[in-house]
Amino acid sequence: DAGVTQSPTHLIKTRGQQVTLRCSPKSGHDTVSWYQQPLGQGPQFIFQYYEEEERQRGNFPDRFSGHQFPNYSSELNVNALLLGDSALYLCASSVPWGTGANVLTFGAGSRLTVL
Amino acid sequence: GIQVEQSPPDLILQEGANSTLRCNFSDSVNNLQWFHQNPWGQLINLFYIPSGTKQNGRLSATTVATERYSLLYISSSQTTDSGVYFCAVRGDNQGGKLIFGQGTELSVKP
C-alpha cells in the first residue's frame, strides 16, 4: 500500500522564480494538507484541500497557492520566491475532517533551497 | 490560537536508557499525534492519542486531556530512536489543521 508520495525530493531555485511541488495521497485518503518546515522548527500549516477546493488556510501570503485534482493528488505553487521560502515542504493526507479518527500521514517532503 | 510547548528541547541518552518527553497545550483538543522525524525529514506517525494511554513495543504515550498535556515514553532506547519528536494537536474549533510544537531532539549514543 503506497503511502504519501511527493516530488521532487530536492530542488534549488533563485529569488523571484516560481516553483510547483506535487503530492499523491495515501490510498483511501481524499484530503490533502500542506505544511512548511523551516530548518530547526516545527511544521506550519499552509492550507488544506478537499473536493478540489481550499477548505482552510494558514497564515501564508497569496504567493502560496494550491490545487487538488479529481484523483485527489495536489500541487503547491509558490510565486516570486524569497530567500525565506527555503524549507522542507510536507504533504499530508487524511480522511475528511469530522469523519472519524483524523490521523495525518505525511510524505517524505520536498526540500526547497532559494538562492 | 492554541499553543503547544514541548520539553525538553534536547535530550542525550546512552543506549538502553529510558526517557519521557512532554507536550503541553493551551486549549482543548480533539486530535493529538506524536511523530518521529528521521534525519531525512520523514515524519512517522507514532501515536494518535487525543486521550488515554497507548503502547507500541518500547514506546507508549499518555494524554490527560483535562490537564492539557501528553507524555511520550521511550524505554530501552536504541540509536535508531535518534531524531526529532513532535507533538501536534488540533483544537476543537481549528478545522483540519494540526499545530506542531517545536520538537524534542533526541540523540541516543551507543
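Structure's up top.
Residues numbered from 1 in each chain as written. Chains lettered and ligands numbered in written order. Predicted model: local features only at pLDDT ≥ 70, side-chain atom pairs only at ≥ 80, totals over all residues. Heavy atoms only, no water.

A. Quick peek at the pattern of salt bridges. All names here are of chain B. On inspection of all chains with the given rule, the structure shows five salt bridges over all chains. Where Asp 81 meets Arg 58, a salt bridge forms, and the shortest distance between an N and an O atom there is 2.9 Å. On the criterion of sequence distance, the pair formed by Asp 81 in the loop between β8 (69–74) and β9 (83–91) and Arg 58 in the loop between β6 (52–56) and β7 (59–64) is long-range, its members being 23 residues apart. Taking relative accessible area as the criterion, Arg 58 reaches 25% and is therefore assigned partly exposed. (Salt bridge = Lys/Arg side-chain N within 4 Å of Asp/Glu carboxyl O. Helix = DSSP H or I, 4+ residues; strand = E, 2+ residues; numbered from the N terminus. Buried < 20%, exposed > 50% of the residue type's maximum accessible area, 1.4 Å probe, protein only.)

B. Structural context of the state of the cysteines. On inspection of all chains with the given rule, the structure shows two disulfides over all chains. Two residues share a disulfide in this structure: A:Cys23 and A:Cys91, whose sulfurs sit 1.8 Å from each other. The S-S bond linking A:Cys23 to A:Cys91 shows a torsion near -65°; that makes this disulfide left-handed. Of this pair, A:Cys23 sits in strand β3 (residues 19–24) while A:Cys91 sits in strand β9 (residues 87–94), placing them 68 residues apart in sequence. A relative accessible area of 0% means that A:Cys91 is categorised as buried. Note that B:Cys23 is cross-linked by a disulfide to B:Cys87, the S-S spacing being 2.0 Å. Here B:Cys23 and B:Cys87 share a disulfide; its torsion about the S-S bond, -55°, makes the bridge left-handed. (Disulfide = S-S within 2.5 Å.)

C. Local environment of the interface of chain A and chain B. At the junction of the two partners, chain A supplies 19 residues and chain B supplies 20 residues. At the boundary of chain A with chain B, total buried surface from both sides reaches about 1600 Å², with 52% on carbon and sulfur atoms. Taken together, chain A and chain B are joined by zero salt bridges. For the pair chain A and chain B, the interface holds six residue pairs in polar contact (both at pLDDT 80 or more). Every element with two or more residues in the side of chain A that touches chain B is listed here: β4 (31–37), β5 (44–50) and β9 of chain A. Taken together, the residues of the side of chain A that touches chain B break down into 11 nonpolar, eight polar and no charged. (Contact = heavy atoms within 4.5 Å. Buried area = accessible area lost by both parts, 1.4 Å probe. Polar contact = N/O pair within 3.5 Å; in protein donor to acceptor, adjacent residues only side chain to side chain. Nonpolar A, V, L, I, M, F, W, Y, C, P; charged D, E, K, R; others polar.)

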